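# Per-entry structural report
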Amino acid sequence: MINTDHSATAVGSEVGESMRDEPGHDDRPAELGEPVDSAVAAPDAVEPGEPPEPVEVSAETAPPDEPAAAPDPVAELAEAVSALTVQVREHHDRAAARERVIDKLHAELERLRTGEQNLVLRPITTDLQNLRKDLLHQARTLPAELDRDQVVDLLESFALSAEQALERCGSVPIRPAVGAEFSAREHRAIRVLPADDPDQHERIAVVVSDGYLDTTTDRVTVPARVHVYRWSAETAPTTDQNPRTEGISADV
């Protein structure tokens, strides 16, 4: 026979445990007429003294932002024109200052150039003045009768004065001697003469005019003009031929 008391007791204990596991149920059932706990009745209520929870506002309910003021194009244009005007004025001032500096340097350069020219040309200017004075003096005091030797001496004295003026400028005359060896660096052969002797080959026969040497660079500025002997190999004996023919100028 089945024990009904034991079965009923087991069922009652299971029901009680399930009721205790559910939220909001106390271990004992509330008696009729007993007040209900406020925490159980209103779980979302805020106790006094606590700050209220922030309320989320959606984008749909948020107030619209105020529109920003549009920029004034006339004011922006006026500001740009004012800045451009200042830049142009500054550029003009700088250009004017550069022009003044250039003019000043140019004037200083002209003064220096004039001073250098006067410094360089002063010796030759003085010598030319003296030469002119001597020529005028000789012309006024020249005797009525002059022989050839006196004229030669007079002209050579004037040439000596000019030579001294050239020496002060760094130019000395080159005076080749008759019979000296021809040098293509210092002489210019304006005529070639046949030589009677092999020893006359490339020798100066006649001096037409002197040359000039620059003493600063030691270079010939004006070669002397001469006539040169040349020994012909066709008429010379074979044993006495001189094959050295360099230095003879082609100028005839």
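This text follows the structure it describes.
To keep things clear, this report deals only with the structure shown in the data block. (Residues numbered from 1 in each chain as written. Predicted model: local features only at pLDDT ≥ 70, side-chain atom pairs only at ≥ 80, totals over all residues. Heavy atoms only, no water.)

### Description of the environment of Val 226
As for its placement among the helices and strands, Val 226 is situated in strand 6 (residues 224-230). Under the relative-accessibility criterion, Val 226 is labelled buried at 0%. Separated by 20 residues in the primary sequence, Val 226 and Val 206 place their C-alpha atoms 5.6 Å from one another. Once you skip the residues sitting within four places of it in the chain, Val 226 turns out to touch Pro 176, Phe 182, His 187, Arg 188, Ala 189, Ile 190, Arg 191, Ile 204, Val 206, Val 207 and Val 208. (Helix = DSSP H or I, 4+ residues; strand = E, 2+ residues; numbered from the N terminus. Buried < 20%, exposed > 50% of the residue type's maximum accessible area, 1.4 Å probe, protein only. Contact = heavy atoms within 4.5 Å.)

### Considering the sheet that holds strand 4 (residues 211-214)
Spatial strand order, 1-4-5: 3 strands in an open sheet with antiparallel pairing. Strand pairing shows two members of the sheet lacking a second neighbour, strand 1 (171-174) and strand 5 (219-222), which therefore form its edges. With strand direction ignored, the average angle separating the axes of adjacent strands in the sheet is 40°. Strand direction decides the pairing type here: strand 4 and strand 5, joined by 3 bridges, are antiparallel. Looking across to strand 5, one finds that Leu 213 is bridged to Val 220. (Pairing = 2+ DSSP bridges. Axes fitted to C-alpha atoms, helices over the stretch in contact; angles between N-to-C directions.)

### As for helix 4 (residues 148-168)
In an α-helix, one turn spans 3.6 residues, which is why side chains three or four residues apart end up on the same side. Compared with the 30 Å implied by 1.5 Å per residue over 21 residues, the 31 Å span of helix 4 between its first and last C-alpha is a close match. Those residues of helix 4 that sit buried are Leu 154, Phe 158, Glu 163 and Ala 165. Buried positions along helix 4 lie against helix 3 (73-141) and strand 1. Just beyond helix 4, the residue with positive phi is Gly 170, at close to 85°. (Expected span 1.5 Å × (residues − 1).)

### A few points about unusual backbone geometry
The phi torsion of most residues other than glycine is negative, and most of the peptide bonds are trans. Here the phi dihedral of Glu 202 falls at roughly 60°; this positive angle occurs in a residue that is not glycine. Topologically, Glu 202 is positioned in the loop between strand 2 (187-194) and strand 3 (204-209). By relative accessible area, which is 2% here, Glu 202 ends up buried. Positioned with a positive phi, Asp 218 is a non-glycine residue whose angle comes to about 55°. Looking at the element boundaries, Asp 218 is found in the loop between strand 4 and strand 5.

Note that all results are geometric; they support no functional claim without further evidence.
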